[in-house]
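Results of the structural survey
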Amino acid sequence: MPDIIQLLPDHVANQIAAGEVVQRPASVVKELLENAIDAESTNIKLIIKEAGKILIQVIDNGKGMSITDARLSFERHATSKIKKAEDLFNLHTKGFRGEALASIAAIAHVDLKTKQENQELGTHIKIEGSNLIFQENVSTQKGTSVAVKNLFYNIPARRNFLKSNSIETRHIINEFQRVALAHPSISFSLYHNESEVYNLTSGNLRQRIVSIFGKKTNEKLVPIHEVTDVLEINGFVTKPEFAKKKRDEQFFFVNDRFIKNAYLNHAVSSAFESLLSSGYFPTYFLYLTVPTKSIDINIHPTKTEIKFDDEKTLYAILRSTVKHSLGQYNVAPILDFNRSASFDTPYNYKDKKSETPKVTVNHDFNPFKNEEQKSIQFPYKREKSQQWESLYTGMDVHHIEVESETIPNSLFSDEKPNSKTYQVHKKYIVSSIKSGIVYINQHLAHQRILYEEFLENITVKEALSQQLLFPLEISFNKTDIKLIKEIKVDLQSIGFLFDKILEDSIVVNGIPVTIVESQITIIIEQLLEDIKNDIPNASFSQLDIMAKSLAKSLAIKTGTKLDLREQEEIVNKLFICKQPDLSPFGKTTFVTINIDEIDKKFNN
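Rules of the game
- Residue indices follow the written sequence of each chain, beginning from 1 at its first position.
- Thresholds applied to this predicted model are a pLDDT of at least 70 for local features of residues and 80 or more for the giving and counting of side-chain atom pairs; totals over whole chains, interfaces and linings are not thresholded and use all residues.
- Side-chain measures here rest on the full set of heavy atoms in the structure, leaving out hydrogens and waters.
- When DSSP finds two or more bridges between a pair of strands, those strands are recorded as paired.
- Runs of E in the DSSP output that reach at least two residues are strands. Runs of H or I that reach at least four are helices, and both are numbered from the N terminus.
- Angular values range over 0 to 180 degrees, each being the angle between N-to-C directions of two axes fitted as lines to C-alpha atoms, with helices fitted over their stretch in contact.
- When checking whether two residues touch, look at their non-hydrogen atoms; a contact exists if any pair is within 4.5 Å.
- To sort residues, take the accessible area from a 1.4 Å probe on protein chains only and compare it with the maximum for the residue type: under 20% means buried, over 50% means exposed, and anything in between is partly exposed.
- For classification purposes, angles smaller than 35 degrees are called roughly parallel, those larger than 145 roughly antiparallel, those between 65 and 115 roughly perpendicular, and all remaining angles oblique.
- Each crossing gets its handedness from the near helix: less than a right angle anticlockwise from the far helix is left-handed, clockwise is right-handed.
- Ten residue types, Ala, Val, Leu, Ile, Met, Phe, Trp, Tyr, Cys and Pro, are classed as nonpolar, four, Asp, Glu, Lys and Arg, as charged, and the remainder, Gly among them, as polar.
- pLDDT expresses, on a scale from 0 to 100, how confident the predictor is about each individual residue.
- Salt-bridge detection follows one rule: a side-chain nitrogen of Lys or Arg within 4 Å of a carboxyl oxygen of Asp or Glu.
- The residues that make up patches have over 30% relative accessible area and no salt bridge, and they are joined within 9 Å when like-charged or within 5 Å when they are Val, Leu, Ile, Met, Phe, Trp or Tyr.
- Using a 1.4 Å probe, accessible areas were evaluated by the Shrake-Rupley method; residue-level cover was limited to the displayed protein chains.
- Neither His nor the chain termini are counted; the positive set is Lys and Arg, and the negative set is Asp and Glu.
- A single reference atom marks each charge: NZ on Lys, CZ on Arg, CG on Asp, CD on Glu.
- In this analysis, rings of Phe, Tyr and Trp, with Trp reduced to its six-membered ring, are considered paired at centre separations within 6.5 Å, and the interplanar angle assigns stacked below 30 degrees, edge-to-face beyond 60, and tilted for intermediate values.
- In protein, a polar contact means a hydrogen-donor-capable atom and an acceptor-capable atom, both N or O and within 3.5 Å, with residues adjacent in sequence counting only if both atoms are side-chain atoms; elsewhere, any N or O pair within 3.5 Å suffices.

What to know about the sheet that holds strand β13 (residues 284-289)
Sheet architecture is open: five strands sit in the order β9-β10-β13-β11-β12, paired in mixed fashion. Where the open sheet ends on each side, the last strands, each with one partner, are β9 (221-227) and β12 (257-259). Neighbouring strand axes in the sheet, compared pairwise and without regard to direction, differ in orientation by 20° on average. Packed onto the sheet, helix α6 (residues 165-182) meets β11 (250-254), β12 and β13 and runs at close to 50° relative to β11.

Written out as structure tokens, the structure is:
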């Protein structure tokens, strides 16, 4: 039989590797930014066009590359970061595999310009689909500029899997924020479609967090600092009252590398135990510094997962450190860690027993014994008032008629109205029908009712809005502010009215009539999160997402006790909906049990 195993061509192997390294435009952004950091850059610029589908360009002022290094950087497993396998456990750089540029060049058009400081001319290279188009000397500034154009141009199937521009842009911004937070001493700037999104100057960690998430973030931060033999912890957590219903502002960095770790996340969440309401999550920016030999980074293509040699110890230290800081800064009701030593018991008294103090009482003591009682004389004599009957002297009280309103007996009736609905376990509404019994999920049913009401108000009727007595200012990060500006008209069609939209906050002076003022912040945050997760192209679809989000936030929750009137209202409104059997998210709202099925249960 002929041999069937053969080596794949280099361009095919690069495309296969690209499937792991480059999942979307944000993956290219991450790899290029990390290469710029490894090049010891102090200023990095990221330029994006059409969510990275047309152009992703990173310009840095790093040390640059020689002619040979520039050409060799696009070969697979060519790297300057490691030389032997043991170096994998002593990494101080972002990259180390030598796959990123080779993978990117296999699925895009790459334009590279680079120059070292001591060289007069730099190098200009163009590569398309792993094929070198040309290489020449060029006059350019110190550092490196890498432009990636037409991503996935030769793999149409992969390009079709990309999401809308809004979603891909959000992923790029997320990657940019993670890299920028990991290196506050480096200046970063981000431009999307020729408009500036971020311009971050170098500074400390607190300044970088405030620059990204808004000025009002500064008052929310609680410092974290602990040094042990195992690790060093620095960073910030936010106060419990600023917790959110989303997890997108939770950042873990290990040796200046962003990671995802559910186990360590649980350690932080447990430190906030009993301080947060159900469904809310703390925001944190935590930086762990551990010995390089105690971690393994080479377990995932994106390098966002790290294996620790002793996770249990890290868990305990992290949890106690966060708990300590919350108590030290008077955020949590905990022991005062800065107590005065003057309250301590002196050493000489530590073995002495306490004695009950003796109290002596003089039973013969009387402060009024030698004083004469004096009567109090008033300067005038009060005359006796007339009898109350004299007030009516001369009035004919026998002909006064009093008009009284007859009050119906129903207001004072002790009888309860006959009802065919009952609530079971504060979750289901049970009602009898001709064919048997219907069980209604109160939460899902109310979602359907509210969804159709909101959709009708948005698309058919004019939205009703209630004016706030005092305008409410809500702070958001720059990404959310940009999204609010894009959907401002749609939000107004729901019933929201905005007085101002500032750089890091909005001023709301009107809300839909179905919303309580205390819920405004929660509902807007949830609404933005739902829209960011699935932004459609059609305007009507976007309004549909808003109606679904509001219905989900405002629907009666499971565990809420309903009186008879509320139960009957849900039942009546549900069955006049256009599609009463399903919630807006496709879940069954009610089930029916026929009388025949019930009879069979008793006729075994």
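Description of the pairing of strand β10 (residues 232-238)
Residues in a regular strand project their side chains so that they alternate between the two faces of the sheet. Counting buried residues in β10 gives five out of seven residues, a clear majority hidden from the surface. Relative to β10, β9 is paired through seven bridges, and the arrangement is antiparallel. The partner of isoleucine 224 across the bridge, within β10, is glycine 235. Where β10 and β13 come together, six bridges link them in antiparallel fashion. Residue pairing in the sheet places asparagine 234 in a bridge with tyrosine 287 of β13.

Looking at the packing of helix α2 (residues 25-38) against α6
Viewed as axis vectors pointing N to C, α2 and α6 meet at an angle of 20°, and their least axial separation amounts to 8 Å. Classed by the angle they form, the pair α2 and α6 counts as roughly parallel. By crossing handedness, the relation of α2 to α6 is classed as right-handed. From α2, Pro25, Ala26, Val29, Lys30, Leu33 and Ile37 reach across to α6, where they touch Glu168, His171, Ile172, Glu175, Phe176 and Val179. Classifying every residue of the contact of α2 with α6 gives eight nonpolar, one polar and three charged.

Digging into the confidence of the model for the protein chain
Of all residues in the protein chain, 79% have pLDDT values of 70 or greater, and the mean over the chain is 80. Of all helices and strands in the protein chain, the one with the weakest mean pLDDT is helix α1 (residues 10-21) (64), whereas strand β1 (residues 43-49) scores best (95).

Points about the pattern of salt bridges
Oppositely charged side chains are able to pair whenever their charged atoms sit close together. Applying the stated rule across the entire model yields twelve salt bridges. Ionic pairing is found between glutamate 249 and lysine 244, a salt bridge with its closest N-O pair at 3.2 Å. Judged by its relative accessible area of 9%, glutamate 249 falls in the buried class. Using a relative accessible area of 11% as the deciding quantity, one classes lysine 244 as buried. Put simply, Glu453, Arg565, Glu569 and Lys573 are held in one network by salt bridges that share partners.

With respect to unusual backbone geometry
In the Ramachandran plot, phenylalanine 152 falls in the positive-phi region, its phi being about 60° despite a non-glycine side chain. Checked against the element boundaries, phenylalanine 152 lands in the loop between β6 (143-149) and α5 (156-160). Residues other than glycine seldom take positive phi values, yet glutamate 194 does so here, at roughly 70°. Residue glutamate 194 is classed as exposed on the basis of its relative accessible area, which comes to 69%.

Thoughts on a nonpolar patch on the surface
A cluster of nonpolar residues, Tyr428, Tyr439 and Val591, forms a patch on the protein surface that exposes about 240 Å² of accessible area. Mapped onto the secondary structure, tyrosine 428 falls in strand β17 (residues 428-433). By relative accessible area, tyrosine 428 is classed as partly exposed at 30%.

Considering the sheet that holds strand β16 (residues 421-424)
Pairing is antiparallel across the open sheet formed by four strands, whose spatial order is β16-β17-β18-β22. Edge positions in the sheet fall to β16 and β22 (590-594), since each has one partner strand and no second. Going from strand to strand, the sheet's axes swing by 25° on average, the running direction of each strand aside. Where β16 lies against β17, four bridges are found, and the strand directions are antiparallel.

A word on a positive patch on the surface
A cluster of basic residues, Lys49, Lys113, Lys126 and Lys149, forms a positive patch at the surface. Position of lysine 49 among the secondary structure elements: in strand β1. For lysine 49, a relative accessible area of 33% gives the class partly exposed.

Things to note about the packing of aromatic side chains
Within the structure shown, the criterion is met by 13 aromatic pairs. Their ring planes at 15° and their centres at 6.5 Å tell us that phenylalanine 496 and phenylalanine 498 sit as a pair that is stacked.

Some points on helix α11 (residues 478-486)
Residues of α11 that are buried include every one of Thr479, Asp480, Ile481, Leu483 and Ile484, and no others. Sitting at the amino-terminal end of α11 is asparagine 477, which places a side-chain oxygen 3.2 Å from the backbone nitrogen of threonine 479.

Observations regarding the side chain of threonine 217
Position of threonine 217 relative to the elements: it lies in the loop between α7 (205-213) and β9. Classification of threonine 217 as buried rests on a relative accessible area of 7%. From its side chain, threonine 217 meets the backbone oxygen of glycine 214 in a polar contact 3.0 Å long.

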